[in-house]
Amino acid sequence: RVESNKFPSTVQGVVYQADGGKVQFTPAYNGRLNAVRVSDETRNAVDRALYGEDISKGALYFVATSVAGTEKSSWFYNNLTHVLDYGGHSFFK
């Protein structure tokens, strides 16, 4: 998202971007982001992403249908291009 002109140009800006008073990512909204213990595996994944690895195939949006529910998830399928499913999430362009 940082590379897209549709979103803020910094990681912090993207993570805390608010829409209607809610940030885009639940852990940033509910404060869990500030309490998580960061593992070496997570650091490694972040480094790979910052250096250009993109397993999402260019996706800018994702949804966990099991959490969001079918009605809210249908917006993604009806308005965006489905790219892949991974770890209980569906990713879209």
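Since the model is a prediction, treat every value here as computed from it, not as a measurement. (Residues numbered from 1 in each chain as written. Predicted model: local features only at pLDDT ≥ 70, side-chain atom pairs only at ≥ 80, totals over all residues. Heavy atoms only, no water.)

### Observations regarding the packing of aromatic side chains
At step 1: What the rule picks out here adds up to six aromatic pairs.
At step 2: On the numbers, 5.8 Å between centres and 20° between planes, the contact of Phe25 with Phe62 is stacked. On the criterion of sequence distance, the pair formed by Phe25 in the loop between β2 (22-23) and α2 (26-30) and Phe62 in strand β3 (residues 61-63) is long-range, its members being 37 residues apart.
At step 3: According to the relative accessible area criterion, Phe62 is partly exposed, its value standing at 35%.
At step 4: Connected via pairs of aromatic rings, a cluster forms that spans Trp75, Phe76, Tyr77 and Phe92. (Phe/Tyr/Trp six-rings, centres within 6.5 Å; stacked < 30°, edge-to-face > 60°. Helix = DSSP H or I, 4+ residues; strand = E, 2+ residues; numbered from the N terminus. Buried < 20%, exposed > 50% of the residue type's maximum accessible area, 1.4 Å probe, protein only.)

### Let's talk about a nonpolar patch on the surface
At step 1: Taken together, the side chains of Val2, Val11, Val46, Leu50 and Tyr51 make up a nonpolar region of the molecular surface, amounting to roughly 530 Å² of accessible area.
At step 2: The residue Tyr51 is located in the loop between α3 (40-50) and β3 in this model. (Patch = residues over 30% accessible without salt bridge, like charges linked within 9 Å, V, L, I, M, F, W, Y side chains within 5 Å. Areas by Shrake-Rupley, 256 points an atom, 1.4 Å probe, with all protein chains shown as cover. Salt bridge = Lys/Arg side-chain N within 4 Å of Asp/Glu carboxyl O.)

### A short note on the pattern of salt bridges
At step 1: In this structure the tally under the stated criterion is two salt bridges.
At step 2: One salt bridge connects Asp40 with Arg43, and the closest N-O pair in it is separated by 3.5 Å. Here Arg43 and Asp40 lie together in helix α3, a separation of three residues that amounts to about one turn.
At step 3: The exposure class assigned to Arg43 is partly exposed, which follows from its relative accessible area of 44%.
At step 4: We note a salt bridge from Glu53 to Arg48, for which the minimum N-O separation is 2.8 Å.
At step 5: Overall, Glu53 belongs to the partly exposed group, its relative accessible area being 39%.

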